[in-house]
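# Results of the structural survey
If you want the building blocks of each chain, they are given just below.
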Amino acid sequence: MSDLIVERLDGGHVVVTLNRPQTLNAMALSMMAELYDLLDELNRSPEVRTVVLTGAGRGFCSGAEIKSADDARREGPRENQNAVSHLLGQQEALVRVHELIHRMRVPVIAAVNGVAVGGGFSLSLACDIRVAARSARFGAVFIRHGISNADMGTSYFLPRLVGAARAAELMLTGRVFDASEAERLGLVVDVVDDDAVVERALEIARQIAEHSPLGVWMTKETMWQTVDAPSLRHAFDIENRTQIMCVGSGELERAFSGFAERRRPNWSAL
């Protein structure tokens, strides 16, 4: 049985389901490698407009698989390989998925059902938009195991989403919180019944796909770059260059033609 279920829908929407329900979709190295390869393929496909990421069964993702990590430690490094570099390689094999999601040309929407803790929490944070089922539970819990909660991008994403003070409280206490609190914090955009969470994510995906692929890509990329901008002037410079590039692409003329002819614009593919 594959670690992933992939459903390709009309309009260029792809639903990717983590499919290890027996472990609440824990992040086995094999599953993360498969997920990376799939997302890399989707990112290079001009037909894909959005990706919805969710989990099979009762959980979104319960974090790094303890057995997998223990096995990696027991196997040890290769001959003459430093033990630290061996473990670092295992860590980087997990987090490259988070980085790819953040850098993809298309938006990735997390449809969070059930538990999303540890690495599963950070995986949801890496997505551009989050929708939660009422059963959803979130938490940075690495600190409960005696290690840093600054892991798998959590220390980067969480302060940018909820503010530094709230992020500090969540990361230092390691507490788990529910979907209602996640909505109050602005971490998720909506909370719906469990059986409606993927469809709600797809509703947002379809709204996004009304716009040109180039406009969506440049909006996602520029927004995340200006979040890290060292100054307002720097943000203006990034926006100005991106906007002029978009105008020069011809999409603006396609938008005006569609409006004049009372039809949807014929957007060009990426």
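A few points on the structure.

## Quick notes on the environment of Ala 140
Structurally, Ala 140 can be placed in the loop between strand S8 (137–139) and helix H5 (154–162). The buried category is assigned to Ala 140, whose relative accessible area is 2%. Expressed as a C-alpha distance, the spacing of Ala 140 and Ser 122, which sit 18 residues apart in the sequence, is 7.7 Å. Residues within four places of Ala 140 in sequence aside, it is in contact with Phe 121, Asn 149, Thr 154, Leu 170 and Gly 174.

## Let's talk about the environment of Arg 137
Here Arg 137 shows up in strand S8. Residues Arg 137 and Gly 114, spaced 23 residues apart in sequence, show a C-alpha to C-alpha distance of 5.8 Å. Residues contacting Arg 137, with those up to four places away along its chain left out, are Gly 114, Val 115, Ala 116, Val 117, Val 176, Phe 177, Asp 178 and Ala 179. In this structure the side chain of Arg 137 is engaged in a polar contact, spanning 3.3 Å, whose partner is the backbone oxygen of Arg 134. Polar side-chain contacts of Arg 137 include one of 3.4 Å to the backbone oxygen of Ser 135.

## Quick notes on a nonpolar patch on the surface
Together, Val 247, Leu 252 and Phe 256 make up a nonpolar patch on the protein surface, roughly 270 Å² of accessible area in all. The residue Val 247 is located in helix H10 (residues 232–247) in this model.

## Quick look at H5
Every buried residue of H5 is accounted for by Thr 154, Phe 157, Leu 158 and Val 162. All buried residues of H5 fall inside an arc of 95° around its axis, so they share one side.

## A few points about the nonpolar core
Grouped burial of nonpolar side chains is what soluble globular proteins tend to show. With 50 residues, the main nonpolar core has Leu 53 and Phe 138 as its most contacted residues. Residue contributions to this core peak at six residues, all from helix H1 (residues 29–43). If near-sequence neighbours (up to four positions away) are discounted, Leu 53 is found in contact with Val 16, Leu 18, Leu 35, Phe 60, Ile 101, Val 108, Ile 109, Ala 110, Ala 111, Leu 123 and Cys 127.

## A look at the sheet that holds strand S4 (residues 59–61)
Strand order in the open sheet formed by four strands is S4-S6-S8-S9, with mixed pairing between adjacent strands. Edge positions in the open sheet fall to S4 and strand S9 (177–178), since each of these has one partner strand only. The sheet contact formed by S4 and strand S6 (residues 115–117) spans two bridges and is parallel. Looking at the pairing, Cys 61 lines up with Ala 116 of S6. Packed on one face of the sheet, helix H4 (residues 119–126) meets S4, S6, S8 and S9 and runs near 90° to S6.

## A closer look at the packing of H5 against helix H6 (residues 164–173)
Where H5 contacts H6, the two axes come as close as 7 Å, and the packing angle between them is 130°. Considering their axes alone, H5 and H6 lie oblique with respect to each other. The interaxial crossing formed by H5 with H6 has right-handed handedness. Contact residues: H5 offers Thr 154, Ser 155, Leu 158, Pro 159 and Val 162, while H6 offers Ala 164, Arg 166, Ala 167, Leu 170 and Met 171. Of the residues that constitute the contact of H5 with H6, the class distribution is seven nonpolar, two polar and one charged.

Procedures and definitions
Residues numbered from 1 in each chain as written. Predicted model: local features only at pLDDT ≥ 70, side-chain atom pairs only at ≥ 80, totals over all residues. Heavy atoms only, no water. Helix = DSSP H or I, 4+ residues; strand = E, 2+ residues; numbered from the N terminus. Buried < 20%, exposed > 50% of the residue type's maximum accessible area, 1.4 Å probe, protein only. Contact = heavy atoms within 4.5 Å. Polar contact = N/O pair within 3.5 Å; in protein donor to acceptor, adjacent residues only side chain to side chain. Patch = residues over 30% accessible without salt bridge, like charges linked within 9 Å, V, L, I, M, F, W, Y side chains within 5 Å. Areas by Shrake-Rupley, 256 points an atom, 1.4 Å probe, with all protein chains shown as cover. Salt bridge = Lys/Arg side-chain N within 4 Å of Asp/Glu carboxyl O. Arc of directions from axis to C-beta. Core = buried A, V, L, I, M, F, W, Y, C linked by side-chain atoms within 4.5 Å. Pairing = 2+ DSSP bridges. Axes fitted to C-alpha atoms, helices over the stretch in contact; angles between N-to-C directions. Parallel < 35°, antiparallel > 145°, perpendicular 65-115°, else oblique. Left-handed = near helix turned anticlockwise from the far one by under 90°. Nonpolar A, V, L, I, M, F, W, Y, C, P; charged D, E, K, R; others polar.

The quantities given are spatial measurements derived from coordinates; they are silent on function.
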